[in-house]
Each structure stands twice: as structure tokens, then as C-alpha cells.
Amino acid sequence: MNPTIRLPGLAPLFLVLTLTILGVLIVLPLGVVFASALSQGLAAYIEPLTHPDALAAIRLTLTVAAISVPLNAIFGVAAAWAIARFEFKGKSLLVTFIDLPFSMSPVVSGLVWVLLFGAQGWFGPWLQDHNIKIIFATSGLVLATVLVTLPFVARELIPLMQDQGADEEAAALTLGAGGFTTFWRVTLPNIKWALLYGVLLCNARAMGEFGAVSVVSGSVRGLTTTLPLHVEVLYNDYEFVGAFAAASILAGLGLVTLVLKSVLEWRHSGELSASRRH
Amino acid sequence: MTAATLASAPKPRTAWVQPSILPGFPLAMGWTLTWLGLIVVLPLTALVIRPWELGLAGVWESLTEPRVLAALRLSFGAALLAALTNVPLGLLVAWTLTRYEFPGRRIVDAFVDLPFALPTAVAGIALTAIYAPTGLLGEPLAKLGIKAAYSPIGVYIALLFIGLPFVVRTVQPVLQDLDIEVEEAATTLGATTLQRFSHVVMPAVAPALISGFSLAFARAVGEYGSVIFIAGNMPLKSEIAPLLIVIRLEQYDYAGAAVVGLAMLAISFGALLAVNGLQLFLAGRGRR
Amino acid sequence: MNFQRADDTSANLALEIKGVSKAYGRFPALKDVSLQARDKEFLALLGPSGSGKTTLLRVLAGLETPDAGEVRFGGEDFLSLPVRHRKVGMVFQHYALFRHMTVAQNIAFGLTVRKRSEKPSKSEIADRVHKLLQLVQLEDLGKRYPSQLSGGQRQRVALARALAIEPRMLLLDEPFGALDAQVRRELRRWLRELHDRAGVTTVFVTHDQEEALDLADRVAILKDGQLIQLGSPNEVYEHPATPFVFDFLGQACRMPGVVEGGRLRIADWDSEAPAGAPQGAVEVFFRPDEVTFAPADGAGLSADVKAVAQRGPDVRIDCRIEGQPVELIGHGPTLPPGVSPGLSVRVRPTRPQVYAAG
């Protein structure tokens with residue numbers, strides 16, 4: 001008998017319980033999305049997706065993600081380089097601040113921008129005088145999204161780079177490589193999969209974010225509604241099939257993210273930070 | 001050996017960053033601080049400062065409005081309950097995934113992360129459809145006299161969904177890396193299965209369970225998208241704190257919204273401090 | 001400190017280290033270290049962990065900047081040269097191979113990162129890589145990745161990569177530290193031959209005294225950030241400068257004694273003091289196998305034999321001298337018949353080292 005606790009007799013019970021928990025709690029909602037979206041047939045599913053408002057929402061979602069994700073990827077690399085490669089005072093405080101958005105309510109992440117740039121915000125009157133719109137505009141959506149997704153890439157890179165140590169970079173320097181060459185040819189290839197992993201999660205959140213963007217958007221149909229907000233608008237208008245059709249696209253995005261993420265975990269486990277190795 | 005040695009005596013180190021041969025610190029650090037300052041620190045400063053334009057009494061009044069208190073109670077209560085429920089559920093799922101080999105295990109494992117990947121609004125409307133009085137599970141529950149959606153129970157269910165992966169994903173690596181020799185040693189010393197579980201496995205897993213709990217709790221307290229559809233949003237009954245922020249913003253009551261936001265941040269912070277304290281206490285016991 | 005001998009300043013002096021100090025926060029890692037290496041010399045930095053040997057090596061590579069002192073190579077001020085311009089071949093303790101590059105790409109790296117005007121052509125690089133692979137006996141492994149190699153193979157790749165830039169000096173940090181004993185011994189010989197063929201000044205760090213004595217032309221022994229002794233393996237082994245060095249270089253037995261009027265007295269044994277021995281209370285060190293035995297009524301230290309055990313060609317003798325447990329090593333055929341458990345014999349250290357007590 002294997003001395004570790006396996007309780008082989010109880011295996012079926014554990015398995016059934018696990019599958020029930022995951023099935024009811026997690027898989028069922030996913031199934032309901034697609035079932036509801038297709039409940040009136042394929043034509044009724046496609047029609048709301050081709051509506052100009054839906055297309056505008058998709059375009060806006062892609063735009064916001066296309067701006068926010070690269071910004072946070074660059075931030076993540078810079079922060080990881082500073083934190084994992086140098087010793088300085090106040091490092092743990094810095095890391096705490098980077099993690100902070102994870103423990104903030106999405107609504108608060110939107111609220112803070114309104115407090116700054118809303119009509120009665122600190123910079124509101126000035127912005128109004130200069131005819132600049134941030135809240136209820138794309139730039140507000142970007143700011144809210146950037147705040148919510150700020151930690152994702154940094155969080156993947158910092159532990160990995162700390163794990164890998166600076167020896168390879170030091171070796172490159174002794175071999176005559178310059179700083180930029182070292183980063184480009186040694187550091188970046190070593191972190192590329194973790195970077196991709198972080199970008200993947202960052203992107204999923206950026207495209208799917210609801211609370212933060214709903215606060216700053218004002219939900220002007222066809223102008224400031226991202227896809228998740230579009231889902232809400234339709235749902236509140238009792239256009240359930242349309243709402244679920246739009247939701248099914250987001251669910252598809254979630255599934256694709258899940259698949260790519262799992263592939264990265266299986267194929268490149270050694271090149272991700274330890275907590276991601278399964 | 002006089003002047004030269006004196007001149008070359010070790011200098012005291014006062015710089016805040018240790019010298020390194022690697023380049024790029026000023027650039028990387030400068031960018032990090034600038035970005036963090038603009039995106040995190042500046043907005044949070046506004047959150048911390050704005051409530052006080054109401055004055056101390058005003059903040060207190062705004063905070064103790066029955067509707068606010070009810071919303072905070074619901075948000076924190078439901079989050080606490082859901083996170084507590086997720087501890088045994090998460091442990092069970094993690095246990096099955098690490099200790100048993102079954103066909104499709106990897107796929108089941110991958111699905112655990114779905115709540116991370118599924119946009120919250122999608123989860124929100126899907127859960128509502130399931131637990132509404134006419135829904136797949138809502139109907140049988142309604143027959144039992146349980147109103148799931150549009151009630152605090154609905155809030156609890158949504159937070160259960162959101163929090164589960166946090167517990168599974170923090171416990172799983174610990175279960176995986178649990179030193180088999182320790183369990184074997186316990187067996188050779190005559191421990192029963194139950195004793196091994198309570199004396200060897202649980203102490204090792206407990207810190208991870210606690211951090212899983214606190215992650216799930218922190219996420220649940222502020223959760224908005226998945227809750228807002230299923231909650232019903234009845235003032236004093238099923239209205240969550242983040243929604244109150246939105247409502248106050250719509251009334252252009254910025255300071256009032258900031259009061260709720262700041263209160264949420266403060267309570268979460270206090271709760272997490274308490275959890276960290278518990279964890280330190282447990283870790284200290286483990287070392288002795 | 002006889003820092004400068006006239007002949008050492010001649011043209012064949014390659015590396016000069018003068019008064020180098022380095023502290024990490026409050027912890028002094030190097031304290032006023034001065035030493036020099038001749039051209040093409042194979043120099044070992046030997047010391048226990050925390051002795052500063054690796055820090056010194058990293059200072060030479062340019063990976064650490066000393067707080068004070070001077071490092072010159074070939075007369076040139078080395079400290080003002082950034083790492084990348086020093087042209088030192090560094091082999092890291094854990095090799096630091098680029099994990100995402102093949103063996104060949106690893107070796108070629110130092111050539112491919114050169115300025116365009118100095119960069120060899122593709123075919124020249126391929127040629128060099130091939131020659132280096134031959135040199136380190138890994139011809140067939142050029143396409144492999146570091147993770148597909150054994151420890152010994154990785155070590156040789158690291159060496160080839162360092163040699164590729166035609167370094168002015170080769171630096172090795174615990175080159176055999178991560179290898180098992182068998183591979184270690186083979187690589188040691190091979191490395192020495194390689195050094196002799198390549199003719200590069202080489203500095204290597206080790207905590208293994210056997211390795212240092214076996215391999216190096218000269219050994220620098222460090223302790224707590226200070227240079228304790230510098231000399232050829234023979235010099236340091238035969239004439240350890242301090243009890244620490246004696247103890248560090250091999251097994252040691254120690255007895256208190258007194259030197260007076262050219263005589264050395266240990267317990268009831270009186271003998272001629274070695275030349276240059278300090279006066280007064282002393283500590284006498286000797287190696288457990290550098291002893292001769294005499295009958296109990298002869299001259300020497302009185303020892304009660306407790307146990308005798310054959311260990312291969314040697315005999316291990318557990319005895320008590322002056323109430324102190326001492327383990328001696330004798331060679332089977334020369335052992336006098338009196339050495340057996342329960343009996344007393346006289347023991348005479350053949351080459352005792354005498355240090356002032358305290």
C-alpha cells in the first residue's frame with residue numbers, strides 16, 4: 001500500500017464531488033451562456049451581433065485593450081527589471097503598490113478617475129475649460145482598464161526573473177555584450193513565455209472588465225460601451241438573446257484564454273514563474 | 001603604507017540602491033515610479049482625500065446612513081461566508097486534482113480557472129439565468145421556498161463562483177509539493193490515516209488555505225459585475241457596497257461615493273491584516 | 001608584507017591587485033588585499049566560504065566594484081574598464097549558460113555581439129566554434145541546449161564560451177563545485193592541460209585545498225576577507241604561515257609546548273626547536289601521518305594506544321597523548337610491533353610546525 005494518503009476507496013466519491021462542484025458552479029454558467037444565446041436559433045443569434053452598436057462595442061473593446069495591454073506590458077518589464085535585478089531600499093513597499101489594484105474593487109478603480117477627471121473632479125473644471133473629455137470617453141475607459149490590469153504582467157515576471165538570477169546577464173557582459181544587447185538577446189528570450197502568459201491574462205481582463213469601465217463610461221450606446229457594457233445595456237433592455245449573444249463572444253474569449261494559458265502551462269512550465277507550473 | 005591606505009579606506013555606503021554592473025536602473029525605475037504614480041498613487045490620493053471635504057461629521061453621517069451600513073454588511077458578510085465555504089470546497093477540488101489520476105484530469109484542472117477568464121458581466125447574467133425563479137436551478141429551489149436570485153443568497157452564489165479558483169490554486173501546489181517522506185515517516189511511526197491527515201497534511205496546507213481564503217475574500221468584497229445582475233439590488237436588502245458607489249456617483253455625490261470606497265478599502269485592509277496575523281501565528285507554531 | 005620584490009615588477013607580471021577592500025553594508029568582504037599573478041600563471045584563490053575569494057574574483061571580472069584599491073592588468077588600470085571591455089573569460093559557478101541558445105550559439109555569443117567593424121564573418125565564427133567544440137571535446141553536441149547536457153559537459157561549454165573571446169585572463173568560480181567526485185578529478189587534469197596549451201593567465205576560486213594544491217602554480221589563501229598566505233603549493237603546504245593555513249590544508253594534530261634556548265618542549269619530550277620558531281609558549285602542529293613511533297622507553301610524546309584499524313594501505317591509530325584524543329595515521333609495513341591497543345608508545349612528529357601561542 002502506498003503510505004501517502006490516497007484513500008483509494010474514496011476516490012469515486014471525491015471525484016463525483018469535485019465534478020459536481022465544478023460542474024454546477026463553473027461549467028453550468030458557461031453552458032447557459034451559449035444555450036441562451038442560441039435558444040432562438042442561429043439567425044436570432046447572429047442578428048444582434050451584426051448590429052452597429054454591437055460592432056462599435058467590439059471595436060471599442062479591441063481599441064481599449066490594444067492601448068492598455070502594451071502599456072502595462074512595458075510597465076511590467078520595467079518594474080521586473082528594476083525589482084528583480086537591483087537591490088534598493090523600499091522594494092517591498094513598491095511591490096505592495098504594484099499589487100494594490102488586485103485588492104481594489106473594480107468600482108473603486110473607476111471611481112478614482114471620476115474623482116480626478118469627472119465634472120466635479122480635481123481636474124474637472126480645467127478639462128472642461130480646455131474642452132478635453134476623459135470621463136465618459138475612450139481615454140477614461142483606457143485609464144480605468146490600465147489601473148485594473150496593471151499588476152498582471154509584472155506579477156508574472158518578477159518572481160521568474162528573481163528565480164533565474166542575474167548570472168546570465170553578467171555572463172553576457174563579460175563576453176562583451178552591451179546593456180541593450182544583453183537585454184534583447186539574453187533577458188527577453190528567457191522571459192518571453194512568462195511575458196506572453198502575463199499579456200494573455202492582462203488582455204483577458206482588459207477585454208472583459210466591467211465594474212471599472214462601467215463607472216467611467218456613462219454607457220453612451222455606440223460611443224462608450226465596451227462589449228461587457230453592451231451586454232448590460234441589452235440585458236437591462238430585456239433583449240436577452242442579444243445580451244447572451246454578446247456574452248457568448250466574451251465567453252469564447254475566456255475559453256480561448258483558458259486554452260492558451262493551459263498550453264503555456266503544459267509546454268513551457270519551466271519558463272513560467274513557479275506558481276504557474278502545474 | 002600611509003597616505004594611500006588612508007585615502008583608500010572603505011567608504012560608508014549611503015546610496016539607496018546598491019551599485020550593480022547591470023545597466024538600465026534609472027530608466028526602469030524611473031518608468032516604474034512614474035507609471036505607478038500616475039496610475040495608482042495619484043488616483044488613490046484622491047480617494048483618500050476627497051471624503052474629508054464633507055468634514056468629519058459629514059463623513060460619519062454619510063457612512064452611517066442605514067443604506068450604506070446595510071450594503072457594507074451585505075458585501076462583507078456575503079464575502080466572508082462565500083470565502084469560508086470555498087475553503088472546504090477548494091481543498092476538496094485541489095485534493096482530487098493532485099491525488100487522483102483520472103481521464104480528463106487536465107481539462108478539469110484547466111476549468112478551475114474559468115472564473116478568472118470569464119468576464120464578470122457574462123458570469124453575472126449566466127448565474128442570474130440559472131438561479132432566477134424560472135431558471136434551471138432557481139425553479140426547484142423556489143419550490144423549496146428558497147429565493148436564490150434577487151436576494152442575498154444570489155450574492156453569496158456569485159461570490160462562491162468568483163472565489164473558488166483562489167483557494168484551489170493556492171492549495172494545489174502545496175499539496176503537490178508536500179513531502180511524501182514526511183507522510184511515509186508518519187506511517188512507519190504507526191499513524192492512522194486520520195492522524196496523518198490532521199497532524200501532517202493539514203498543518204502543511206493550513207497557511208495556503210488561509211491565503212486562499214483571504215484572496216477569495218478580498219476579491220469578493222469588491223466584486224461588482226457578477227453580483228450586480230443576480231443581486232436584485234433592493235436598498236437595505238440586496239444592495240452591495242460597490243453599487244452604492246455607482247449610485248452616489250450618478251447623483252454627483254463624489255465625496256459620498258469616495259466615503260464608501262474608502263471605507264471598503266479600510267475594512268478590507270483591516271481584515272487582511274488580521275488574516276496575515278493569523279498566518280504568522282500559525283507559521284510561528286510550525287517552527288517550534 | 002613583502003609586497004614588491006624587484007624581480008616581480010618585470011615584464012612578466014600580468015595581474016596586480018593592490019589594497020583592494022570591499023564591504024557589503026557593514027560586512028567587510030575584502031580587507032586590503034594585495035597580490036599579483038605572473039603572465040600565464042595558474043593562480044588559485046583558496047579559502048572557506050565567506051573568505052572573500054569569490055568577491056575578489058568578481059572584482060577582477062568587473063562584476064563588483066571595490067570600495068578601495070587598485071587592480072591592474074598588463075600595467076593597465078582595470079577598474080576604470082567596464083566589464084564588457086575587460087576581455088576576461090569568466091566561468092560562473094553554475095555556468096550561467098544562456099538557456100535558450102544552443103551550445104554553438106552560446107560559444108559564438110561573445111563574437112556575435114562585437115561591433116560590426118570587429119565582428120568576424122559568419123564562416124569565421126562557425127569555424128571558431130567548431131575548433132572550440134573540438135578543444136572541449138564536445139564536437140557532436142553543438143546543436144544541443146544546455147538543459148540537455150550533463151554537468152561536466154555544461155562546464156566545458158562554459159569554458160569554451162569564455163575562451164571564444166580570446167580572453168586576456170580566465171576566471172573560474174568554483175569550476176568543479178557542482179560536479180561529482182569522479183568527473184571532478186578527470187576535469188581537473190584536463191583543465192590544467194588546457195591552461196598550459198591556451199597559455200592564458202588563469203585565476204580560479206575553490207574551497208577544496210586538494211584541488212588548489214594539485215592544480216595551481218600558486219595558491220592565495222584567504223580568510224575573513226584577508227590574504228593570509230601566497231605561495232606555491234609546496235611552500236604553503238610545507239610552511240603554512242598560520243595555524244589556520246595549517247589546519248585548512250590538511251588534517252592537523254595540535255599540542256601546546258614551550259620553546260626555550262633553541263629547545264622545544266612538549267610535555268616530557270624535549271627536542272631541538274625548528275629553525276625560526278618563536279620563543280616562549282607555542283602551539284605545535286603536525287600532520288597525523290608525519291610521525292615516527294618509538295618504544296615506550298624511547299624519546300617522544302607518550303601515547304596510549306586505544307584502537308588500531310586497518311584502512312586500506314594505511315593504519316588508523318586512535319590514541320591519547322597527554323590525555324588528549326589524537327588520531328594518527330601509520331603506514332602498515334613500517335609500524336613498530338609495540339603499536340597495539342592497550343600499550344604505550346612514543347610518538348615523534350617528523351615535521352612539526354611551531355606557532356606562537358594565543
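Residues numbered from 1 in each chain as written. Chains lettered and ligands numbered in written order. Predicted model: local features only at pLDDT ≥ 70, side-chain atom pairs only at ≥ 80, totals over all residues. Heavy atoms only, no water.

(A) Looking closely at the sheet that holds strand 2 (residues 27-38) of chain C. All names here are of chain C. Spatial strand order, 2-1-4-5: four strands in an open sheet with antiparallel pairing. The sheet is open, and its two edges are formed by strand 2 and strand 5 (76-77), each paired on a single side. Bridge count between strand 1 (residues 13-24) and strand 2: eight bridges; the pairing is antiparallel. Bridge pairing in strand 2 places Lys-22 opposite Leu-30. (Pairing = 2+ DSSP bridges. Helix = DSSP H or I, 4+ residues; strand = E, 2+ residues; numbered from the N terminus.)

(B) Quick look at the sheet that holds strand 18 (residues 324-331) of chain C. Residues and elements named next belong to chain C. Spatially, the five strands line up as an open sheet ordered 15-19-16-17-18, and their pairing is antiparallel. The two strands at the open ends of the sheet, each matched to only one other strand, are strand 15 (291-294) and strand 18. The mean angle between the axes of side-by-side strands here comes to 45°, regardless of whether they run parallel or antiparallel. Strand direction decides the pairing type here: strand 15 and strand 19 (residues 344-349), joined by four bridges, are antiparallel. The partner of Ala-294 across the bridge, within strand 19, is Arg-346. (Axes fitted to C-alpha atoms, helices over the stretch in contact; angles between N-to-C directions.)

(C) Structural view of the pairing of strand 17 (residues 314-321) of chain C. All names here are of chain C. Of the two faces of strand 17, only the one carrying Val-315, Ile-317, Cys-319 and Ile-321 is buried; Asp-314, Arg-316, Asp-318 and Arg-320 on the other face are not. As paired elements, strand 16 (residues 301-311) and strand 17 share eight bridges and run antiparallel to each other. Residue Ala-307 lies in a different strand from strand 17, and its bridge partner there is Asp-318. Turn length for the strand 16-strand 17 hairpin, with the two strands adjacent in sequence and antiparallel, is two residues, and the turn residue Gly-312 shows positive phi of about 65°. Two strands pair when backbone bridges link them, and strand 17 and strand 18 are joined in this way by eight bridges, in the antiparallel orientation. Bridging across to strand 18, Cys-319 finds its partner in Val-326. (Buried < 20%, exposed > 50% of the residue type's maximum accessible area, 1.4 Å probe, protein only.)

(D) Structural context of the state of the cysteines. Residue and element names in this part refer to chain C. Within this structure, the stated rule accounts for zero disulfides over all chains. Here Cys-253 stays free of any disulfide, with the sulfur of Cys-319 as its closest cysteine sulfur at 8.2 Å. For Cys-253, a relative accessible area of 6% puts it in the buried group. Overall, Cys-319 belongs to the buried group, its relative accessible area being 3%. (Disulfide = S-S within 2.5 Å.)

(E) Layout of the nonpolar core. In this structure, Trp-113 of chain A together with Leu-45 of chain C are the most contacted members of the largest nonpolar core, which totals 223 residues. Of the residues forming this core, the biggest block, 16 residues, is contributed by helix 4 (residues 66-99) of chain B. Discounting chain neighbours no more than four positions away, the residues touching Leu-45 of chain C are Leu-35, Lys-53, Leu-56, Leu-57, Val-203, Phe-204, Val-205, Thr-206, Ala-220 and Leu-222 of chain C. The next biggest cluster of nonpolar side chains, apart from the first, holds 45 residues, and it includes Ala-162, Val-200, Phe-248 and Leu-249 of chain C. (Core = buried A, V, L, I, M, F, W, Y, C linked by side-chain atoms within 4.5 Å. Contact = heavy atoms within 4.5 Å.)

(F) A look at the packing of aromatic side chains. Scanning the model with the defined rule gives 27 aromatic pairs over all chains in all. Aromatic pair Phe-117 of chain A and Phe-123 of chain A: ring centres 5.8 Å apart, planes at 35°, arrangement tilted. The class of Phe-117 of chain A is buried, set by a relative accessible area of 18%. Assessed through its relative accessible area of 34%, Phe-123 of chain A is described here as partly exposed. The interplanar angle of 85° and the centroid separation of 6.0 Å between the aromatic rings of Tyr-238 of chain A and Phe-240 of chain A together place this pair among those described as edge-to-face. Classification of Tyr-238 of chain A by relative accessible area gives exposed; the value is 65%. Take Phe-240 of chain A: its relative accessible area is 38%, and that puts it in the partly exposed class. Aromatic rings pair up to connect Trp-81, Phe-86, Phe-88 and Phe-183 of chain A together with Trp-16 and Phe-25 of chain B into one cluster. Between the NZ or CZ atom of Lys-91 of chain A and the centre of the ring of Phe-88 of chain A, over which it lies, the distance is 5.6 Å. A cation sits over an aromatic face here: Arg-86 of chain C above Phe-78 of chain C, 5.0 Å from the ring centre. (Phe/Tyr/Trp six-rings, centres within 6.5 Å; stacked < 30°, edge-to-face > 60°. Lys NZ or Arg CZ within 6 Å of the ring centre and 35° of its normal.)

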